[in-house]
Each structure stands twice: as C-alpha cells, then as structure tokens.
Amino acid sequence: MKFLLNYMKGMGWYITFTLTIKVTATMLELFIPYVLGHILDNVVPTRSVRNIITWGIVMIICAILACVGNIIANRMASRVARNTTEKVRHSLFERTMRLSSAQIDAFTIPSLESRLTSDTYHVHHFLGMIMRMGVRAPILLVGGIIVTLTLDPVLTLVMVTTLPLIGISVGLISRRGVPLFKQSQRSVDGMIRVVREDAQGIRVIKALSKVDYERRRYDAANKRLVSDETKASTTMALSNPLVTFFLNLGLVSVIVVGAFRVNGNLSQTGTIIAFIQYFTMISNAMIGLTRIFVHSSKGTASAQRIAEVINTQPDLLPVSEDKYPSVQTDAMISFENVYFSYLGKTDNLSNISFELHKGQSLGVIGATGSGKTTLTQLLMRLYDVQRGNIRINGKDVRTMEHDELNTKFGVVMQNDFIYAGSVRENIDFGRGLTDEALMRAAKIAQAKEFIDGFEDGLDHHLNSKGTNLSGGQRQRMLISRAVAGNPEILVLDDSSSALDYKTDAALRAALRENMSDVTTVIVAQRVSSIMHCDLILVLENGKIIGRGTHDELMESCSVYKEISDSQIGGAFLD
C-alpha cells in the first residue's frame, strides 16, 4: 500500500473531502436504527401522531442524506482510483520502455504486458474498493458496536463474541490467498505468451495446418490458468460462508438472549428491533471487510508485481571516463578484444576486434547463431560487454549518455515493427520531419515508387505489423525510417532479405551515392548485400574466422568462398 500512496500525492485534499463525506454519510446511517428504537420505545407510547411524524421525517432526511452522500463519495472515490491507476500505469509503461534488453529478457514480454493490463486493473479495483468499503465498513462495525453498547451491553457482548472467530478465519484465508493470486498472475503471463506467439505466427500456423496443435497448446495454458485461479478463488471463497455462518450464529444468539431479556423486563422491544438492525449493519460491514480482504489479496499481489518493475534499478547507466578513458583515433567505430555472453556461461562473442572509419561500410556474415545481431546490439549498447571496449570516435560507449549514443544511429533490426498508422507516421516516427525529408529517405530506400502508387501517398494507412504490405515493401519502409533522421551510423540487420537482387543492388547504390559520409554496418545472409563493403567479417560461433574485402575473402576464407559460390557461383554482381 505504501507503494500506491506515492501515486496519491497531490490528491490529499480531494481524498480528505471524499472521506469526510463518506464518514458523515455512514454516521447518518448509524443514526437511523437509533431513531427507530427511540420512536418505538419512547414516542409511540405517548400516542402523539405529530411526534411520530416528526421523528419519521428525521429518519427520512437521514436516509436521503446518507444515500446522496454515499453516491457522491463513491463517485469521488472512483475518480481517485482512476487517477491513481492512470499514474501507476503511466509510470509502469515509462519504466518498461527504459528497461535494458537484459532486464526485459528477465521479466519477459508477456509478463510485462500482463502487468500493464490485468495487474493495473486489479490495482484499480482494489483502490476503488478501499475508498468505498474500506471507510464505510469499519465505521459501521465499530460505530455499530459502540451504539449497541449504549442500548444493551449484554446483547452487545453476545454479539461481539463471534467477531474474533471471523477475524481469525478471514486473516488465515487472506494470508493463503496472496501467494495463490501471484501464481495465478504468472499463469496469465504464460497464456498471454501463447496468444502473442500465435497472433504473430497465425499465417504460418494456417499454412502448415497447425491450428489444432496451437489450440491444444493454448488449452494447456488456459487449463493451468483455470486451475490456479480455481485454487485462489476457492480458498478466498471460504471467507464469505464462514463469515455468514458466524454472523448468523451471533444473530440467533442475540435473538434468543434478547427474547429472555424482554420477557424479564430487562430490555424493550424497540431496543431489540434497533439492535437487530445494527446487527444487520455490522454483518454487512463484516461481509464488506471480507470482500476487501479478497480483493486486497489480488490487489496486493498485482501491486507487488508492478512495484517489481517500477523499482527495478536502471542499468547500463553512463560511467565516468576515468574508468574507460577516451583515446585519440581516426576510427569511427572500434571493437577491442570484445567478449560477451548472454547467460554468463558460454561466450556468444569472443575476441572481436576491428576498426571502421567514417563513411566506411562493414559487412557481417555467418551462420545463424554466429553472433551477427549480438555484435550490432553491443555497438548500440543494448547490452554491455563482459570484457573489451567498444568505442565511437574514440569514446567508450559505456561513458556516453543514452541520448548522445542513440541519436547517432539509424537502425533496422531483424524483427522490426510497423505500427497501425499512416506511411508518414511510420517513417517520421515522431521526429517532426518534413515531407521532403520523408520522400528523400523513401527514395534512397527504394520505397518511393510504391508509396507514390498509393492513392493517398504518405497518408496511406498501414495495418499493424504492415500486413497490407509485401515483405519487400515492409523492409523498404523500415529502411526509409532508419535513413530519414540522417544518422551518423546506419545499422541494417538482415534488412534486405526480402528484396529481389535488382532492388537490393539499387538500394546499395543509393546508399553509396546519398549517404557516403555515413558509417554503415550491414548484417546479411546474402553475399550480394555485403560484397561491396570496405570490410567484411565472417563469424562462426561468435568468433571472427575471416576478415577483409570480398576479393580477399574469396582467396583467404574457405567458408566465405563456399557461401559465395553457393549463392552466386562466384560471379561478381553489380
């Protein structure tokens, strides 16, 4: 709860006003049975119709004011819950966007999605419940006991004996419920992961006739979730029957003892009727508190999961140049004996060293899993090296502010994305570029032709993930986005695999002509995409097994020559 209180700052006066209205309305509710008992025991015996009507009007006014007050307070409480959850959700999203790649790997994307959706919903519901029932129920409970003590202390003691039993049972059940709801949310993460994977691969699933297989996989995840939710819900569902049983036991005891006391002239009928109404209020308050415990179990579990992300300390922060001093060099990019491992066991990159000068191009080729993408991710400092140094203009990337480093790059990654929006929005990417700059980028990326073919040009709407574009068109859109910001370093990670050879050649020619001062890193599976690079690295199992130009590698690297011969027969393609 302390975590959520931080997000309520600035709403103190509003919350105070809400609670004041809620307390006042609840106190008026408590006053109504007292007035009824007074009418039956003291006013009715006088046979004064005027007094009866007067006190009846007092009851009606109290009921109306209590009703209106509760409605106003509940609406205000809903606003507090909504605004607080909005802040929590915004903070969670912002923190998620700033997590490093390693931290995202640790949390997993499905879990982060679940925390942003179902967990924030549970927190919203929990806050609303606390603001409404969390104030009213304790007042009715404590206030009801205090008033009944003034009416008949003996009956109050009979009633109060059931309350410890209720408190103990609810406490034990709630203590068991929080871990169960945490496990339930982890099962939600698993189901979201399956749904996310199936949504992304729906075309492949249908093409390979694996719909039934994926349905069974989803059913398995769904059954795990149902099982975990059933355990949690069944455990928490015990609270209502137990509370109701103890309350009914107390009510029966009160009625029996009250009957003997009335028969012995130790109490009055009006007092017993008022007492029963107070007991009903207290019963409802206990049931309300039970509901609060149920929802607080969910809310607490969800708040803890949200807090785990928000309280995660940022890593990959810039460090002092005293630790990694800059060096004088003519190289734009330099790798110096770089080692890296994702899991800290086996090196994914080993002893990687090379230099690339401004305006030069680097080609990286190798088998799947050889470390090509890892190399580009280390360059952009999505991960930190375990050993060695990566420098840009002589400055270690670990000493550079994120904005300083990130603005140097234009990037197309392997599994890059296109979001639902116009062509203009997807290329511009919130940078406020002019249409002229966008079309220049599109022309370089060989995308201008098909964009001009759209009836509405740059305003043409694209579906999420660019499903209304061909594979080659999507890649050209992404390249347009990368070059539009005039980057110092252009990273193209397998970004031309869907292009035909003619378009690929035209793209390379356009990049050489229009971006000659841009340092380019190209990761590719096709020799034709990198054969014109100033330096080519051949990777295998995270190690460099060949380096040089195309002609040099054809002579010195058998693996490269084998790849080239298998793809283009050793012929030189323009």
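Right above here is the structure, for reference.
1. Let's talk about unusual backbone geometry
Phi at Gln 446 is positive, roughly 65°, even though this residue is not glycine. You will see that Asn 541, though not glycine, has its phi angle at about 55°, which is positive. The class for Asn 541 is exposed, based on a relative accessible area of 62%.

2. Examining helix H17 (residues 471-484)
For an α-helix the count is 3.6 residues per turn, leaving residues at separations of three or four pointing the same way. Given a rise of 1.5 Å per residue, 14 residues ought to cover 20 Å, and the 20 Å separating the end C-alpha atoms of H17 matches this to within 8%. Those residues of H17 that sit buried are Gly 472, Gln 473, Gln 475, Arg 476, Met 477, Leu 478, Ile 479, Ser 480, Arg 481, Ala 482, Val 483 and Ala 484.

3. Structural notes on the sheet that holds strand S10 (residues 519-523)
Pairing is mixed in the open sheet, where 6 strands are placed in the order S6-S9-S10-S3-S11-S12. The sheet terminates laterally at strand S6 (409-412) and strand S12 (543-548), the two strands that pair on one side only. In this sheet, adjacent strand axes meet at a mean angle of 15° when their direction is disregarded. Contacting S6 and strand S9 (489-493), H17 runs over the sheet at an angle of about 175° to S6.

4. Digging into the packing of aromatic side chains
Geometry of an aromatic ring pair is reported as the spacing of the ring centres plus the angle between the planes. Per the counting criterion, the structure on display carries 9 aromatic pairs. Their ring planes at 55° and their centres at 5.6 Å tell us that Phe 340 and Tyr 383 sit as a pair that is tilted. Remark: Tyr 383 occurs in the loop between helix H12 (372-379) and strand S4 (387-392) and Phe 340 occurs in strand S1 (residues 331-340); sequence separation between them is 43 residues. You'll find Phe 340 and Tyr 383 in the same group, each marked buried. Look at Phe 450 and Phe 454: their rings are 5.9 Å apart centre to centre, the planes differ by 75°, and that puts the pair in the edge-to-face class. Residue classification places Phe 450 among the buried positions, given a relative accessible area of 10%. Accessibility expressed as a relative area gives 17% for Phe 454, which makes it buried. Lying over the aromatic face of Tyr 501, Arg 526 brings its terminal NZ or CZ to 4.7 Å of the ring centre.

5. Remarks on the environment of Ile 32
Position of Ile 32 relative to the elements: it lies in helix H2 (residues 12-43). For the pair Ile 32 and Met 59, spaced 27 residues apart in sequence, the C-alpha to C-alpha distance is 5.7 Å. Contact partners of Ile 32, with chain neighbours within four places excluded, come to Met 59, Cys 62 and Ala 63.

The rules behind each value
Residues numbered from 1 in each chain as written. Predicted model: local features only at pLDDT ≥ 70, side-chain atom pairs only at ≥ 80, totals over all residues. Heavy atoms only, no water. Buried < 20%, exposed > 50% of the residue type's maximum accessible area, 1.4 Å probe, protein only. Helix = DSSP H or I, 4+ residues; strand = E, 2+ residues; numbered from the N terminus. Expected span 1.5 Å × (residues − 1). Pairing = 2+ DSSP bridges. Axes fitted to C-alpha atoms, helices over the stretch in contact; angles between N-to-C directions. Contact = heavy atoms within 4.5 Å. Phe/Tyr/Trp six-rings, centres within 6.5 Å; stacked < 30°, edge-to-face > 60°. Lys NZ or Arg CZ within 6 Å of the ring centre and 35° of its normal.

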